[in-house]
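Architecture at a glance
Read off the chains here:
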Amino acid sequence: HTTERGAHIPRPDQVEYNHHAEVNHSAILLIRNPFNAIIGHRNLDQGGHTGLAKEDQFVGPGWQEFVEIKAQAWLNFYSDWLENNPTENILVLHYENIKQSLKFSLRKIAGFLSFEEHQGRIDCTIQFQTGQFKRKHKEDIRDNPYTDEQKEIIASSIRKLNKILKRYQKESLPLQKYEHYKFTSEE
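Fair warning: this is a prediction, and the values are worked out from it, not measured in the lab.

Considerations on the overall build of the chain
Looking only at helices and strands, the chain has seven helices and two strands in total. When the helices and strands of the chain are read in sequence order from the N terminus, they spell out α-β-α-α-β-α-α-α-α. Sorting the 187 residues of the chain into buried and exposed places 37% on the buried side. For the chain, long-range pairs separated by at least 24 residues make up 72% of all intrachain contacts whose partners lie at least 6 apart in sequence.

Here you go:
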């Protein structure tokens, strides 16, 4: 819904462009910290698959608009899946948790897909979990390019999605693992 015609229609109609029916209203939703996802998306758009956006792409009105659009798109994508499909057809996984416990996550995926676990394949995946397509960069503005206003925009999307996840009895966001997010004990 964020490209072509779907991006230019009223929000309530966008769900029709999400291709839920084409995949039998089933999905494995891999949710990543939106702060990091937005930085990664900017790097992809401006620097390609392994390059980096220039530092000036993380400041000014263009960056502000990018953050606003992507924070809302992050929320819309996941909420559309959760609110418009049978809950039993959705497996929610969190990128930050997969990084910490890949084997457990692979077992969850196999169970969800009704696949028989194959220890050799799991071991192979664990052995070769890092790939060659990673960005290498030194610390600079791209590591924390957000103003306080932008942080609140993204935090609002995080809080809304977490409520939706809880409503559908899915694993809540691992907020304590989210860079750039001010986690409170009430969450």
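And the narrative resumes.
Brief notes about helix α7 (residues 148-167)
Between the first and last C-alpha of α7 there are 29 Å, a value that for 20 residues agrees with the 28 Å anticipated at 1.5 Å per step. The set of residues buried in α7 consists of Gln-150, Ile-154, Ala-155, Ser-157, Ile-158, Leu-161, Asn-162, Ile-164 and Leu-165. Where α7 is buried, its residues contact β1 (27-31), α2 (34-47), α3 (60-83) and β2 (90-94). One or two residues past the end of α7 sits Gln-169, with phi positive at roughly 55°.

Quick look at the pattern of salt bridges
Pairing is possible between side chains of opposite charge, provided their charged atoms come close. In total, this model carries five salt bridges according to the counting rule given. Here Arg-167 makes a salt bridge to Glu-83, at a shortest N to O gap of 3.4 Å. Within this pair, whereas Arg-167 is found in helix α7, its partner Glu-83 is found in helix α3, the two being separated by 84 residues in sequence. Here Glu-83 falls in the partly exposed class, since its relative accessible area comes to 36%. Linking Glu-171 and Lys-108 is a salt bridge whose minimum nitrogen-to-oxygen distance equals 3.4 Å. With a gap of 63 residues between them, Glu-171 in the segment after α7 and Lys-108 in helix α5 (residues 102-112) connect regions that are remote in the sequence. The class of Lys-108 is partly exposed, set by a relative accessible area of 26%.

Quick word on the packing of aromatic side chains
The final tally for this structure, using the stated rule, is six aromatic pairs. Geometrically, the ring pair formed by Trp-63 and Tyr-146 is tilted, given 5.7 Å between the ring centres and 35° between the ring planes. Pair noted here: Trp-63 is in helix α3 and Tyr-146 is in the loop between α6 (119-127) and α7, with a separation of 83 residues, a long-range link. Tyr-146 carries the same exposure label as Trp-63, and that label is buried.

Some words on the pairing of β1
Going residue by residue along β1, you find Ala-27, Leu-29 and Ile-31 tucked away on one face and Ile-28 and Leu-30 left uncovered on the opposite face. In this sheet, β2 lies alongside β1 in parallel orientation, the contact comprising five bridges. Counterpart to Ile-31 in the pairing with β2 is His-94.

A few points about the pairing of β2
Burial analysis of β2 places five of its five residues in the buried class, the great majority of the element. Side chains of β2 alternate between two faces, with Ile-90, Val-92 and His-94 and Leu-91 and Leu-93 buried alike.

A few points about the side chain of Asn-36
As for its position among the elements, Asn-36 is in helix α2. The buried category is assigned to Asn-36, whose relative accessible area is 15%. Leaving out residues up to four positions away in the same chain, Asn-36 has contacts with Glu-179 and His-180.

What to know about the side chain of Glu-96
Relative to the helices and strands, Glu-96 resides in helix α4 (residues 95-100). Comment: no salt bridge for buried Glu-96; closest opposite-charge side chain is Arg-32, at 5.1 Å. A distance of 3.0 Å separates a polar side-chain atom of Glu-96 from the backbone nitrogen of Asn-33. When neighbours within four sequence positions are excluded, Glu-96 is seen to be in contact with Ile-31, Arg-32, Asn-33, Pro-174, Lys-177 and Tyr-178.

Here is what the cut-offs are and how they apply
Residues numbered from 1 in each chain as written. Predicted model: local features only at pLDDT ≥ 70, side-chain atom pairs only at ≥ 80, totals over all residues. Heavy atoms only, no water. Helix = DSSP H or I, 4+ residues; strand = E, 2+ residues; numbered from the N terminus. Buried < 20%, exposed > 50% of the residue type's maximum accessible area, 1.4 Å probe, protein only. Contact = heavy atoms within 4.5 Å. Expected span 1.5 Å × (residues − 1). Salt bridge = Lys/Arg side-chain N within 4 Å of Asp/Glu carboxyl O. Phe/Tyr/Trp six-rings, centres within 6.5 Å; stacked < 30°, edge-to-face > 60°. Pairing = 2+ DSSP bridges. Lys, Arg positive; Asp, Glu negative; His and termini not counted. Polar contact = N/O pair within 3.5 Å; in protein donor to acceptor, adjacent residues only side chain to side chain.

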